[in-house]
Amino acid sequence: MINASHLTKEFGPIKAVSDLTFSVNKGEILGFLGPNGAGKTTTMRILAGIFPPTRGSVMIAGFDVLENSMEIRKRIGYLPEQFPIYPELTVTEYLAMVASIWDFDRKKRDEQVKDVLEKCGLRSEQNSLLRRLSRGYRQRVGLAQALVHDPEVLILDEPTVGLDPKQIREIRELIKSFQGQKTVILSTHILPEVSMTCQRVLIINQGKVVAEGTPESLTRQIESGAHVQIQAQGPPEDIVRTLSAVPGVLEIKMVKSSDGREGTFLIQTKESVDVRPQIAQAIVENHWGLLTMQLQYLSLEDIFVKLVTKEESE
């Protein structure tokens, strides 16, 4: 549905996007991640037809973003990080105005407005002036205007910014409901939101792709194995020395546990090697006490930090 090839955007001497290539399948929800200044918003503006690329190409639904800009605009809904509002209009009037841009007849326009009011939880505020809405409700209006013409593609730049936890859950569920029906690119700084909403993740830094894939595949990409965390009673130096000799153990170090207990060790293992039985046996044979043992994998936040840090150090 979306194909970006060797996308580059330069603002004078500043290269905001550098040779970016990626694709998004029809009906897929893609999480678009990166630190501030990574090029996320610039890329999304290019996809939406707001910025022309300096080099490279973008195809959406078979149309080129430069040659067929109007055809692409009909097929996308765009929520910028800060969308323009008309404070003197009510919610319904504003959405009706946006719907009228798409040349709907009166009946179709009213149906579309009613539908997005319901989907975005705006029925209670439909007659409120935009200037009187909270930040959270304004964000809902922004999402509603992106949906009002029922587009095939949604480009959402920080769609849950300013929302409270309950509203975030509601918008997250709405976005998840589009899976298989609409193609969605979702930019966010809330990493758990990506894990709960998106099927695939694209991480960029300094205008370039750092990594892409599912959270699980990214874990495998940057870490050769898993981690086992244990709490054990015994001489720490002896525990480290003994468990380091267990086949499959790459590294062991003492760490602080979440509950503040002493005797907590983090053990990195080789890929596809479950060392837990051997660890337990070694502890028992040495008459130490094994209090807890837990298999751990990297979180999306761990992956993000590792990948971005690695890119910046190279």
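K.L.:
Explain the sheet that holds strand 1 (residues 2-11) to me, using residue names and the numbers behind them.
P.N.:
In space, the four strands of this open sheet follow the order 2-1-4-5, with antiparallel pairing throughout. Single-partner strands in this sheet number two, and they are strand 2 (14-24) and strand 5 (63-64). Here two bridges tie strand 4 (residues 55-60) to strand 5, and the two strands are oriented antiparallel to one another. Each residue of the ladder has a partner; that of Ile60, found in strand 5, is Phe63.

K.L.:
Any details on the nonpolar core? Residues and values, ideally.
P.N.:
In terms of nonpolar packing, the biggest core is built from 42 residues, with Val91, Tyr94, Leu95, Val141, Leu147, Leu156 and Val184 touching the most fellow members. When residues of this core are assigned to their parent elements, the largest contribution, six residues, is made by helix 3 (residues 91-101). Ranked by size, the runner-up nonpolar core spans 27 residues in total, among them Leu7, Ala16, Tyr78 and Ile204.

K.L.:
Account for the sheet that holds strand 14 (residues 289-296), naming residues and giving values.
P.N.:
The strands that make up a sheet pair up through hydrogen bonds in the backbone, lying either parallel or antiparallel. Pairing is antiparallel in the open sheet, where four strands are placed in the order 12-13-11-14. The two strands at the open ends of the sheet, each matched to only one other strand, are strand 12 (249-254) and strand 14. Between one strand axis and the next, the sheet turns through 20° on average, direction left out of account. Bridge count between strand 11 (residues 227-233) and strand 13 (residues 264-269): five bridges; the pairing is antiparallel.

K.L.:
Give a description of helix 10 (residues 276-285) that names residues and reports values.
P.N.:
Among the residues of helix 10, Ile279, Ala282 and Ile283 are the ones counted as buried. The arc that holds every buried residue of helix 10, seen down its axis, measures 95°, which confines them to one face. With respect to the buried face of helix 10, the exposed residues turned more than 90 degrees away are Pro277, Val284 and Glu285. Looking at the buried residues of helix 10, the elements they touch are strand 11, helix 9 (236-244), strand 13 and strand 14. In the stretch just after helix 10, His287 is the one whose phi turns positive, near 60°.

K.L.:
So what about the layout of surface pockets? Which residues, and what values?
P.N.:
Considering only enclosed or pocket space, the largest pocket measures out at about 450 Å³ in volume. Listing elements by their share of the lining of the largest pocket, those giving two or more residues are strand 6 (76-79), helix 3 and helix 5 (135-147). In terms of residues, the lining of the largest pocket owes the most to one element, helix 3, which gives four residues. Tallied by class, the residues present in the lining of the largest pocket amount to 14 nonpolar, three polar and one charged.

K.L.:
Any details on the packing of aromatic side chains? Residues and values, ideally.
P.N.:
The tally for this structure, following the rule as stated, stands at three aromatic pairs. Centroid distance Tyr86 to Tyr94: 6.3 Å. Interplanar angle 40°. Geometry classified as tilted. Judged by its relative accessible area of 41%, Tyr86 falls in the partly exposed class. Lys9 extends its terminal NZ or CZ atom over the ring of Phe11, reaching a point 5.3 Å from the ring centre.

K.L.:
Describe the packing of helix 3 against helix 4 (residues 106-119), with residues and values.
P.N.:
Where helix 3 meets helix 4, the closest approach of the two axes is 9 Å, and the angle between their N-to-C directions is 130°. By the angle between their axes, helix 3 is oblique relative to helix 4. Helix 3 and helix 4 meet at a crossing whose hand is right-handed. Across from Val91, Thr92, Leu95, Ala96, Ala99 and Ser100 in helix 3, the residues of helix 4 making contact are Arg109, Val113, Val116 and Leu117. Partitioning the contact of helix 3 with helix 4 into residue classes produces seven nonpolar, two polar and one charged.

K.L.:
Please give an account of helix 4 that cites residues and values.
P.N.:
Between the first and last C-alpha of helix 4 there are 20 Å, a value that for 14 residues agrees with the 20 Å anticipated at 1.5 Å per step. Inspection of helix 4 places Arg109, Gln112, Val113, Val116 and Leu117 among the buried residues, and these make up the whole buried set. Taken down its axis, helix 4 places every buried residue within 135° of arc, on the same side. When the buried face of helix 4 is taken as reference, the exposed residues oriented beyond 90 degrees from it are Lys107, Lys114 and Glu118. Among the structural elements, helix 3 and helix 5 are those in contact with the buried residues of helix 4. Between a side-chain oxygen at the N-terminus of helix 4 and the backbone nitrogen of Lys107 the separation is 3.2 Å; the capping residue is Asp105.

K.L.:
Go over the pairing of strand 8 (residues 183-187), please, and point to the residues and values.
P.N.:
When you tally the buried positions in strand 8, you get five out of five residues, the bulk of the element. As defined by bridge partners, strand 3 (residues 29-33) adjoins strand 8 across four bridges and the pair is classed as parallel. Its bridge partner being in strand 8, Gly31 is matched across the sheet by Leu186. As paired elements, strand 7 (residues 153-157) and strand 8 share five bridges and run parallel to each other.

Rules and cut-offs
Residues numbered from 1 in each chain as written. Predicted model: local features only at pLDDT ≥ 70, side-chain atom pairs only at ≥ 80, totals over all residues. Heavy atoms only, no water. Pairing = 2+ DSSP bridges. Helix = DSSP H or I, 4+ residues; strand = E, 2+ residues; numbered from the N terminus. Core = buried A, V, L, I, M, F, W, Y, C linked by side-chain atoms within 4.5 Å. Buried < 20%, exposed > 50% of the residue type's maximum accessible area, 1.4 Å probe, protein only. Axes fitted to C-alpha atoms, helices over the stretch in contact; angles between N-to-C directions. Arc of directions from axis to C-beta. Contact = heavy atoms within 4.5 Å. 1 Å grid on protein atoms, 1.4 Å probe; cavity = no way out; pocket = protein on both sides within 12 Å on 5 of 7 lines; lining within 4 Å. Points joined across faces, edges and corners; volume = space filled by probe spheres on them. Nonpolar A, V, L, I, M, F, W, Y, C, P; charged D, E, K, R; others polar. Phe/Tyr/Trp six-rings, centres within 6.5 Å; stacked < 30°, edge-to-face > 60°. Lys NZ or Arg CZ within 6 Å of the ring centre and 35° of its normal. Parallel < 35°, antiparallel > 145°, perpendicular 65-115°, else oblique. Left-handed = near helix turned anticlockwise from the far one by under 90°. Expected span 1.5 Å × (residues − 1). Polar contact = N/O pair within 3.5 Å; in protein donor to acceptor, adjacent residues only side chain to side chain.

By themselves, these are just geometric observations and shouldn't be taken as functional.
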